[in-house]
Amino acid sequence: MDARGETKGRPLDEAVIERFREIVGPANALSEPGMIAPYMHEPRDLFAADGRLVLRPADVGQVSAVLRLASETRTPIVPQGGNTGLVGGQMPRGPGEVVLSLSRLDRIREVDPVGRTMTVEAGAVLQNVHEAADEAGLFYPLSLGSQGSCQIGGNLASNAGGTGVLAYGNSRDLCLGIEAVLPSGEVLNGLRRLKKDNRGYDWRHLLIGSEGTLGVITAAVLKLFPKPAGREVAFVGLRSPDKAIALLRRAEGLAGGQLTAFELMARIGMEFTLRHTQGARDPMGEPHGWYVLLEISSQRSGEDARETMERVLSEAFEAGEIEDAAIAQSGADAEAFWRMREAMSWAQKPEGGSIKHDVAVPVAEVPRFLREAGAAVTAAMPGVRIVAFGHLGDGNIHYNLTQPVGMDSAVFLDRWHEMNAIVHAVVAGLSGSFSAEHGIGQLKREELARTKEPAEMALMRAIKATVDPYSILNPGKVL
Ligand code: FAD
């Protein structure tokens, strides 16, 4: 990996550290190795971070003061939320970079049940936002495997997607307003609850998805939704991705906006999950080549959701699209089905090295992508185990390659770039994206520069230079 073990930046000056310490208070300027260790490891262990200072501001005023001082002293600042990002965006690149943790800004400031909005600080954990919405009789639909740790600021900075995008859109679509601090320390207050506001450029959308390179998000107004009255979850076994596309079209036709999840999984992912997840149980009697987790929700009633689910499945069965299906008979069943899907991310680890891809192609092209990429990676590395799963309804597949049985992990991982190039060439041939929802961070920076249109890169660089002239905010990420 290009960033593994790299150290960037001059060591921090003791006098500058002291000034940062004065802003956040000594208890929240962490430098003792044991205290900062959790901020220096990311989920995939791809980036070795050797930062020396973590600042934990209490409010937007302190964030502003930190950034003003950072601009004055040209100190690189790395915003960090729940530290669940998968591309190294939240990791310092060397001892001279300071982690700015948003964890203490975790208040839910207001819930507006009429306009259905929640005003929340950036450090609020997604799970807590779900619970607060639930208490108000409402629902926030962003759903990620990392929701117990990731934060709203991180979700917005990475424009996170997840399993609810099909019906509700990604983080960008779920946000009406943000409050953010620019690298200069200036505070932008855009905490508006308006659905319509066409007064000039909408800078909110510039910051969403900018991965902490243009501003630090300190609070946001989120859109809430009425809670569905009924929800049905089914696990379906089928022969091929083409059959899954046929099922998707049928489910969309019959359920429309009621289709709230459509997740595809290859058999090998199920096998890994069953082998390595405590309590995991195969919902189907017989093994199938592919699986779909299907969720249908209804605003009217549980019976309505059940009727629609049964109709989708019986028609699909008659049309030969599916081989078998199990409908969850209880909330516990539904949770167990979802756990199978979510555990798939972690279940690959015990099988050895894994080379990851987070790609998107037009929905209709997913089967072709899987065929062509499968042939290409197998030709390059016989025995490689392809763990493909993800959000078929969005055309977004996590196309992960697990090392062949018996291969040395280091030898396998040394071929990361080669395998990426093979998969991404297939994606490019289908006019797709090599980064659907995880972002660019450090991991995919070079590929972005190589493959994005020069005019688009030039515009991005011009924006960065204008907003952050001293490049103090998350340097070396994205651009
Ligand atoms: P961090 O990891 O801390 O940071 C991510 C990026 O945002 C960094 O560039 C950081 O500098 C920046 N940032 C963080 N907070 C702020 C802020 N307040 N202001 C400005 N910049 C900030 N992602 C998906 O999209 N879909 C999924 O389905 C999904 N599933 C996942 C499952 C697992 C098990 C794991 C580990 C991760 C998954 N992710 C997924 C990736 C990750 O959880 C998301 O990208 C999440 O939104 C990151 O939030 P965070 O708070 O952890 O951000």
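So, here is what we can say about the structure in this document.

Conventions we followed
Numbers given for residues are sequential positions, taken from 1 along each chain in its written order. Per-residue local features of the predicted model are confined to residues with pLDDT of at least 70, and side-chain atom pairs are confined, for both listing and counting, to 80 or more; whole-chain, interface and lining totals are unaffected and use all residues. Neither water nor hydrogens contribute to the side-chain values; these are computed over all heavy atoms in the structure. Numbering goes from the N terminus for both helices and strands, where a helix is a DSSP run of H or I of at least four residues and a strand is a run of E of at least two. Buried, partly exposed and exposed residues are distinguished by accessible area as a fraction of the type maximum, computed with a 1.4 Å probe on protein chains only: under 20%, between the cut-offs, and over 50%, respectively. We define proximity as follows: a residue is near a molecule or strand when any one of its heavy atoms falls within 4 Å of that partner. By the criterion applied in these results, polar contacts are pairs of N or O atoms within 3.5 Å in which, for protein atoms, one can donate a hydrogen and the other can accept it, and in which residues neighboring in sequence qualify only through two side-chain atoms. Shrake-Rupley sampling with a 1.4 Å probe provides the accessible areas, and residues are treated as covered by the protein chains on show and by no other component. Residue type decides the class: Asp, Glu, Lys and Arg count as charged, Ala, Val, Leu, Ile, Met, Phe, Trp, Tyr, Cys and Pro as nonpolar, and the leftover types, Gly among them, as polar. In this description, one arc is meant: the one made by directions from the helix axis to the C-beta atoms. Residue contacts follow a heavy-atom distance rule, with two residues in contact if any of their heavy atoms lie within 4.5 Å. A pair is scored as a salt bridge if a Lys or Arg side-chain nitrogen falls within 4 Å of a carboxyl oxygen belonging to Asp or Glu. Within this scheme, the nonpolar core is defined by two criteria: the residues are buried Ala, Val, Leu, Ile, Met, Phe, Trp, Tyr or Cys, and they are joined through side-chain atoms within 4.5 Å. When the centres of two rings from Phe, Tyr and Trp lie within 6.5 Å, Trp using its six-membered ring, the rings pair. Their planes under 30 degrees apart give stacked, over 60 give edge-to-face, and anything left gives tilted. For a ring to carry a charge above it, either NZ of a lysine or CZ of an arginine must fall within 6 Å of the ring centroid while also lying within 35 degrees of the normal to the ring plane.

## Considerations on unusual backbone geometry
Then comes step 1: Even without a glycine there, the phi angle at Asp45 is positive, about 55 degrees.
Then comes step 2: Inspection of the secondary structure puts Asp45 in the loop between α2 (33-36) and β2 (53-55).
Then comes step 3: For Asp45, a relative accessible area of 52% gives the class exposed.
Then comes step 4: For Ser471, which is not glycine, the phi dihedral falls at a positive 50 degrees.
Then comes step 5: If you trace the backbone, Ser471 turns up in the segment after α16 (454-467).

## Some details on the site of the ligand
Then comes step 1: Of all residues adjacent to the ligand, which total 35 residues, the nearest are Pro79, Gly81, Thr84, Gly85 and Ser146.
Then comes step 2: Asn474 places a polar side-chain atom, nitrogen or oxygen, 3.1 Å from an oxygen atom of the ligand.
Then comes step 3: With the chains in place, 96% of the 970 Å² that the ligand exposes on its own is no longer accessible.
Then comes step 4: Those elements that place two or more of their residues in the shell around the ligand are β3 (77-80), α5 (152-157) and β10 (216-223).
Then comes step 5: The class makeup of the residues in the shell around the ligand is eleven nonpolar, 22 polar and two charged.

## A word on helix α1 (residues 14-24)
Then comes step 1: Residues of α1 that are buried include every one of Val16, Ile17, Phe20 and Val24, and no others. Burial along α1 is one-sided: seen end-on, the buried residues are contained in an arc of 100 degrees. In α1, the exposed positions angled more than 90 degrees off the buried face are occupied by Glu14 and Glu22.
Then comes step 2: Looking at the packing, one finds that the buried side of α1 touches β1 (29-30), β2, α3 (60-73) and β3.

## Re the pattern of salt bridges
Then comes step 1: Using the criterion set out here, one finds 30 salt bridges in the structure.
Then comes step 2: As a salt-bridge pair, Arg19 and Glu72 come within 3.0 Å of each other at their nearest N and O atoms. With a gap of 53 residues between them, Arg19 in helix α1 and Glu72 in helix α3 connect regions that are remote in the sequence.
Then comes step 3: Residues participating in the shared-partner salt-bridge network are Arg107, Arg109, Glu121 and Glu179.

## Some details on the nonpolar core
Then comes step 1: In this structure, Phe235, Leu247, Val292, Leu294, Phe369, Leu370 and Tyr399 are the most contacted members of the largest nonpolar core, which totals 77 residues.
Then comes step 2: Leave out the neighbours within four places in its chain, and Tyr399 touches Ile355, Lys356, His357, Phe369, Leu370, Ala373, Gly374, Val377, Ile386, Val387, Ala388 and Val423.
Then comes step 3: In this structure, Ala124, Leu144, Ala157 and Phe225 belong to the second largest nonpolar core, which totals 30 residues.

## Observations concerning the packing of aromatic side chains
Then comes step 1: Counting across every chain of the model gives five aromatic pairs.
Then comes step 2: With a centroid separation of 5.9 Å and 55 degrees between ring planes, the pair formed by Phe235 and Tyr291 is classed as tilted. Of this pair, Phe235 sits in strand β12 (residues 230-238) while Tyr291 sits in strand β14 (residues 290-298), and the two are 56 residues apart along the sequence. This pair shows no difference in class: Phe235 is buried, exactly as Tyr291 is.
Then comes step 3: Owing to a relative accessible area of 0%, Phe235 belongs among the buried residues under this scheme.
Then comes step 4: An aromatic cluster of at least three residues, connected via ring pairs, comprises Phe139, Tyr168 and Phe225.
Then comes step 5: Note that Arg74 overlies the ring of Tyr470, its terminal NZ or CZ placed 3.5 Å from the centroid.

Interpretation in functional terms is not warranted from these geometric data alone.
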